[in-house]
Amino acid sequence: MNLTDILAQAGGIESMATDLGIPPALAKQGAEALLPAILGGFKKQAQGSGGIEGLGGLLGQLGGGGLLDAVLAPQATPVEQGNDVLGQIFGSKDVSRSVAGDAAAKTGIDAGTLKKMLPILAMLVAGYMAKQGGGESSGGGLGGMLGNVLGGALGGGAAPASGGGGGALGGLGSLLDLDGDGNPLDDIIGMAGKLRG
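Residues numbered from 1 in each chain as written. Predicted model: local features only at pLDDT ≥ 70, side-chain atom pairs only at ≥ 80, totals over all residues. Heavy atoms only, no water.

1. A closer look at the layout of surface pockets
Roughly 200 Å³ of volume is contained in the second largest pocket. Of all the secondary structure elements, the ones that give two or more residues to the lining of the second largest pocket are helix 6 (79-90), helix 7 (93-107) and helix 8 (111-132). (1 Å grid on protein atoms, 1.4 Å probe; cavity = no way out; pocket = protein on both sides within 12 Å on 5 of 7 lines; lining within 4 Å. Points joined across faces, edges and corners; volume = space filled by probe spheres on them. Helix = DSSP H or I, 4+ residues; strand = E, 2+ residues; numbered from the N terminus.)

Printed below as a string of structure tokens:
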């Protein structure tokens, strides 16, 4: 099972579809196109903020597991929290626009819809990672716990939806690809730089 399937099982994709007024299948397709860049953004954070433990602290500051709950709640998602997450992992609105534009080109989904999807999806991913990490306060177990959950989830029999990586992903480090190669966000940021230049 890949991360999109996990978020769908948790009810996150359906909640996002309801928030945006689009069919769940469209929300899932958009999520699959946006997730690699969001995970790439978290990877950059883990590289620059004390590794997995630093990332755990950041997730707690941003709202921890409550971010996932906020999306799943019946009322409208408080997207400002999602925008805070995006600000941390992408650094600027230009990057968010580029990520949405890149996903729109790949899927044919309207870039405006994808832009609205980004903060909600970022909340889902951050909240999910924080919950699997064993709560906001326990930084110690986060690496192992996240590694087990996300490694198992992404490294099972099913190939990752993005087509990248083999079946034998080993934990969160592999999910976030900590050795620095194969981060789709770098390519997107590169394209954004060219567009501005």
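That was the structure; now back to the text.
2. What to know about the side chain of Thr77
Along the chain, Thr77 turns up in the loop between helix 5 (66-72) and helix 6. A relative accessible area of 10% means that Thr77 is categorised as buried. Side chain to side chain, Thr77 and Asp19 meet in a polar contact 2.3 Å long. What Thr77 contacts, discounting residues up to four positions off in sequence, is Asp19, Ala70, Val71, Ile120 and Met123. (Buried < 20%, exposed > 50% of the residue type's maximum accessible area, 1.4 Å probe, protein only. Polar contact = N/O pair within 3.5 Å; in protein donor to acceptor, adjacent residues only side chain to side chain. Contact = heavy atoms within 4.5 Å.)

3. Here's the deal with the packing of helix 6 against helix 8
Where helix 6 meets helix 8, the axes come as close as 8 Å, and the angle between the chain directions of the two elements is 80°. With respect to each other, helix 6 and helix 8 are oriented roughly perpendicular. The segment helix 6 lies against helix 8, with Val79, Gln81, Gly82, Asn83, Val85, Leu86 and Phe90 engaging Leu118, Pro119, Ile120, Ala122, Met123 and Ala126. Classifying every residue of the contact of helix 6 with helix 8 by side-chain character gives 10 nonpolar, three polar and no charged. (Axes fitted to C-alpha atoms, helices over the stretch in contact; angles between N-to-C directions. Parallel < 35°, antiparallel > 145°, perpendicular 65-115°, else oblique. Nonpolar A, V, L, I, M, F, W, Y, C, P; charged D, E, K, R; others polar.)

4. A word on the side chain of Asp102
The topology assignment puts Asp102 in helix 7. Asp102 sits in the buried class, given a relative accessible area of 15%. Within polar-contact distance, the side chain of Asp102 engages the side chain of Lys106 at 2.8 Å.

5. Thoughts on the nonpolar core
Core analysis: the biggest nonpolar cluster contains 49 residues, and Phe42, Phe90, Leu121 and Val125 have the highest contact counts within it. Among the elements of the structure, helix 1 (3-9), helix 2 (12-20), helix 3 (24-48), helix 4 (51-62), helix 5, helix 6, helix 7 and helix 8 are those that each provide at least two residues to this core. Looking at which element gives the most residues to this core, the answer is helix 8, with 13 residues. In contact with Leu121, other than residues within four places in its own chain, are Leu7, Met16, Ala31, Leu34, Leu35 and Ile38. (Core = buried A, V, L, I, M, F, W, Y, C linked by side-chain atoms within 4.5 Å.)

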